[in-house]
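Chain by chain, the residues:
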Amino acid sequence: MDGRDKETVSPVVRVWEGAAPAEVLDGASADAWLDFDADVRCLDDRPWLPARSPGEPVRPPGEPVRPAPTLLDRLRGRTRSRVAPPASPPLPPAIALSHPDGRIRESALDAAGADPELRPLLVVRCADWASPVREKARTLLAGLPGGDLFPLAELILRLSRRARGDFARDLLEDALREGPAAEVLVLTGHPDRATYRLAYRIAVERGLLTPMELATTAATCGDVTLQDLCAEAAVRPGTTPGPDAAAVLDRLLTARSPRVRSAGVTALRRAGRHGDAERFLADRSALVRACARYVLRQDGVDPLPLCRALCTEPAAHPGAAAGLGECGDRAADAGTLWALVEHPLPAVRLHAIGGLRALDVVVRERLTPLLDDPSPAVVRAATRALLPEAAGIPERLLRERGAPDRPRAVRVAADRLLRAAGRQRLPEPGYR
C-alpha cells in the first residue's frame, strides 16, 4: 500500500491492488457493498478502465479489433483483421462484477456463483439495469441453497427497495419459511431493522416463538412495528391455552409501551378477566383507558361510576381525571375536574386539563393562569387547551411571558399562542 493508511484508501482501490474482498469488506454492512459497487463505476481515478479515444466503444478484454478495410483491400476482395494489442491484466472478479460494461459484468457472474465472498455482488446484480446481466444473476442466485441467503439478508432487503429488487427478497422469504428454525431465530437478533422485522414475521407465521417469548419481546423492544406484531401474536385466540395464558397477559399489562398494554387490556375480555380492566381506567395513556372502558362495557359494567370513584383519590390515580373527562357528563363532572386543576401534584393537574378538553368545558380565564405553572408538562397541556381560544388572550399578557427571563416552557407557550392568534412576535435578544 506504499505506506498509505488503509482507512483512507477506497475499498475498490485496495481490491484492484490485490486485496481479497473478504479482507476489505469482511463483515461489512449492506451499505458498504452498495458503495463498493457504485465506486467501481463512479470513482474519478479508475485504472481498471482501458484507455481509449473519445467515441470509441468499450470492448471486453481480448476482443479482436477490426479496423475499416482500405480501398486496396476492397479492390482485392480482402478484409483486414488484426488482433487487439496485448490485453491488460485480468480484472479482479469483484471489480468485474461492478464494471460499467454490462458484458464484463455478465461474464464475471460465473465466478460469483462459485465464490461465497462474491455473493453480495451477485445479489446486487440481480437488480441490475441490464436485462442479460440481471437474468443470469437471478438464475445463479436461485440455484444456491436457501441457507446461503441468510447471511445476505440485510443486503437483499436493502436492494428490495429498488425497482428490480423483489426477486432476491422473494427467494429469501421462501428460504426463511422452509429453512431451519434455528437460522430464522438467529436473524431475529440481527441489528438491521428490516432484517429482524422480517425474521420475526416469519417466526410468528411458523409458530417458532412461544407466547411468553412474544410477550417479552413486545414488552421490552423499542420498535413499534415489532411491538404490535408480537403483542397481537401473543394474545391471538388459541395461542395461550392453559396456565401460561395468565402470565402472558400479565407481562403485556406491565409493559411500558401503551400499545402493548392496550393489547393486553383488550385480551382480558377473551380471557374472562373483565374486572382486571378496572385499574386501567386511570392509565396514563388515552388508548389504554379506552380499551379498559370497552372491556368493562362488554361485561355490562358502566365505567363512569368507577372513574368518579377513582377521582376521589387523585394522588393514587392521576390518570383518572382524564378518564373522567373522556366518559363523563359536562354538567355533573366539570366541577370535579376544575377542582383537580388546582391539585398540588403536577400529574393530576396535567390529566385534569386533558379531561376538561375531552369534555369541551375549557374556560379561557380560568386556564390562562396555568401558563405560569412550575411544571413544564402542565404548561404544555394548558397551551394545547388554550389554542382554540388564543385570540381572546390579551396580547400584553403573552408578550410578557415571552421575555428572555421566563422559563423556556412559558416562552414556547407564549409563542404558540401568539402564532395561533395571528400575532407572531419577533424574538427578543437572548431568546433561545
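These figures come from a predicted structure and were not determined experimentally.

Rules behind the numbers
Residues numbered from 1 in each chain as written. Predicted model: local features only at pLDDT ≥ 70, side-chain atom pairs only at ≥ 80, totals over all residues. Heavy atoms only, no water. Helix = DSSP H or I, 4+ residues; strand = E, 2+ residues; numbered from the N terminus. Buried < 20%, exposed > 50% of the residue type's maximum accessible area, 1.4 Å probe, protein only. Contact = heavy atoms within 4.5 Å. Arc of directions from axis to C-beta. Axes fitted to C-alpha atoms, helices over the stretch in contact; angles between N-to-C directions. Parallel < 35°, antiparallel > 145°, perpendicular 65-115°, else oblique. Left-handed = near helix turned anticlockwise from the far one by under 90°. Nonpolar A, V, L, I, M, F, W, Y, C, P; charged D, E, K, R; others polar. Patch = residues over 30% accessible without salt bridge, like charges linked within 9 Å, V, L, I, M, F, W, Y side chains within 5 Å. Areas by Shrake-Rupley, 256 points an atom, 1.4 Å probe, with all protein chains shown as cover. Salt bridge = Lys/Arg side-chain N within 4 Å of Asp/Glu carboxyl O. Lys, Arg positive; Asp, Glu negative; His and termini not counted. Charge placed at Lys NZ, Arg CZ, Asp CG, Glu CD. Polar contact = N/O pair within 3.5 Å; in protein donor to acceptor, adjacent residues only side chain to side chain. Core = buried A, V, L, I, M, F, W, Y, C linked by side-chain atoms within 4.5 Å. Phe/Tyr/Trp six-rings, centres within 6.5 Å; stacked < 30°, edge-to-face > 60°. Lys NZ or Arg CZ within 6 Å of the ring centre and 35° of its normal. pLDDT = per-residue confidence, 0-100.

Explain the overall build of the protein chain to me, and be specific about the residues and the numbers.
Within the protein chain, the regular secondary structure consists of 26 helices and 0 strands. Looking at the protein chain as a whole, 43% of its 432 residues are labelled buried. Sequence-distant contacts in the protein chain: of pairs separated by 6 or more residues, those separated by 24 or more amount to 58%.

I'd like to hear about helix H21 (residues 330-340), residue by residue, with values.
By the burial criterion, the buried members of H21 are Asp333, Ala334, Leu337, Trp338 and Leu340. Taken down its axis, H21 places every buried residue within 150° of arc, on the same side. Among the exposed residues of H21, those pointing more than 90 degrees away from its buried face are Ala331 and Ala339. Structurally, H21 contributes buried residues whose contacts are with helix H19 (303-310), helix H20 (320-327), helix H22 (346-359) and helix H23 (364-367).

Can you break down the packing of helix H11 (residues 166-178) against helix H13 (residues 193-206) residue by residue, with the values?
The N-to-C vectors of H11 and H13 enclose an angle of 40°; their axes lie 9 Å apart at closest approach. Between H11 and H13, the angle is such that the two are oblique. As H11 packs across H13, the resulting crossing turns out to be right-handed. Contacts between H11 and H13 involve Arg169, Leu172, Glu173, Leu176, Arg177 and Glu178 from the first element and Leu198, Arg201, Ile202, Glu205 and Arg206 from the second. For the contact of H11 with H13, the class distribution of residues is 4 nonpolar, no polar and 7 charged.

Break down H20 for me, with residues and values.
The buried fraction of H20 amounts to 7 of the 8 residues, a majority that puts the element mostly inside the structure. Buried residues of H20: Ala320, Ala321, Ala322, Gly323, Leu324, Gly325 and Cys327, and no others. Each element contacted by the buried residues of H20 is listed here: helix H18 (286-298), H19, H21 and H22.

I'd like a description of a negative patch on the surface, backed by residues and values.
Taken together, the side chains of Asp166, Asp170, Asp174 and Glu178 make up a negatively charged region of the molecular surface. Among the secondary structure elements, Asp170 is positioned in helix H11. Residue class for Asp170 comes out partly exposed when judged on its relative accessible area of 42%.

Account for the side chain of Asp223, with residues named and values stated.
Relative to the assigned elements, Asp223 resides in the loop between helix H14 (211-220) and helix H15 (224-234). The exposure class assigned to Asp223 is buried, which follows from its relative accessible area of 9%. At a separation of 2.9 Å, a polar atom in the side chain of Asp223 contacts the side chain of Arg197. Of note is the side chain of Asp223, whose polar atom sits 2.9 Å from the backbone nitrogen of Thr225. The contacts of Asp223, once residues within four sequence positions are left out, are Arg193, Tyr196 and Arg197.

Give a description of the packing of helix H24 (residues 376-386) against helix H26 (residues 408-420) that names residues and reports values.
Interhelical geometry of H24 versus H26 gives an angle of 10° and a closest axis separation of 9 Å. Our classification of the angle between H24 and H26 gives roughly parallel. Residue-level inspection shows Pro376, Val379, Thr383, Arg384 and Leu386 of H24 in contact with H26, the latter providing Ala409, Val410, Ala413, Arg416 and Leu417.

Provide a residue-level description of the nonpolar core, including the pertinent values.
Residues Phe36, Leu172 and Val265 are the most contacted members of the largest nonpolar core, which totals 117 residues. Residues in contact with Leu172, not counting those within four places in the same chain, are Leu149, Phe150, Ala153, Ile156, Leu157 and Leu198.

Describe the pattern of salt bridges, naming the residues involved and giving the relevant values.
This structure, assessed with the given rule, holds 32 salt bridges. Close ionic contact of Arg105 with Asp128 constitutes a salt bridge, the shortest N to O distance being 3.0 Å. Highlighted residues: Arg105 in helix H6 (residues 102-107) and Asp128 in the loop between helix H8 (119-125) and helix H9 (131-142), separated in sequence by 23 residues. The burial state of Arg105 is the same as that of Asp128; both residues are buried. Asp148 is the salt-bridge partner of Arg119, the closest N and O atoms lying 3.2 Å from each other. With a gap of 29 residues between them, Arg119 in helix H8 and Asp148 in the loop between H9 and helix H10 (153-159) connect regions that are remote in the sequence. On the basis of relative accessible area, Asp148 is assigned to the partly exposed category, the value being 27%. Salt bridges linked by common partners bring Asp37, Arg41, Arg105, Arg125 and Asp128 together as one network.

Explain the packing of aromatic side chains to me, and be specific about the residues and the numbers.
Going through the model one piece at a time under the given rule, you end up with 1 aromatic pair. Each ring, one from Trp33 and one from Phe36, has its centre 6.3 Å from the other, and the planes form 65°; the classification is edge-to-face. Placement of both Trp33 and Phe36 in helix H3 (residues 30-42) is noted, with a separation of 3 residues, approximately one turn of the helix. Taken as a pair, Trp33 and Phe36 share a single burial class, namely buried. We note Arg366 situated over the ring of Trp338; from NZ or CZ to the ring centre the distance is 4.2 Å.

Lay out the environment of Val15 in plain terms, naming residues and giving numbers.
Relative to the assigned elements, Val15 resides in helix H1 (residues 11-16). Judged by relative accessible area, Val15 falls into the buried class, the value being 2%. For Val15, the contacting residues outside a window of four places in its chain are Pro21, Val24, Phe36, Pro92, Ala94 and Ile95.

Could you give an account of the confidence of the model for the protein chain, with specific residues and numbers?
When pLDDT is averaged across the protein chain, the result is 85; 83% of the residues are at 70 or more. A low-confidence stretch, residues 51-56 (pLDDT under 50), is modelled with 2 contacts involving residues beyond four sequence positions or located in other chains.

Explain unusual backbone geometry to me, and be specific about the residues and the numbers.
The bulk of non-glycine residues show a negative phi, and the bulk of peptide bonds are trans. Even without glycine at this site, Asp360 takes up a positive phi of about 60°. Position of Asp360 relative to the elements: it lies in the loop between H22 and H23. Judged by its relative accessible area of 54%, Asp360 falls in the exposed class.

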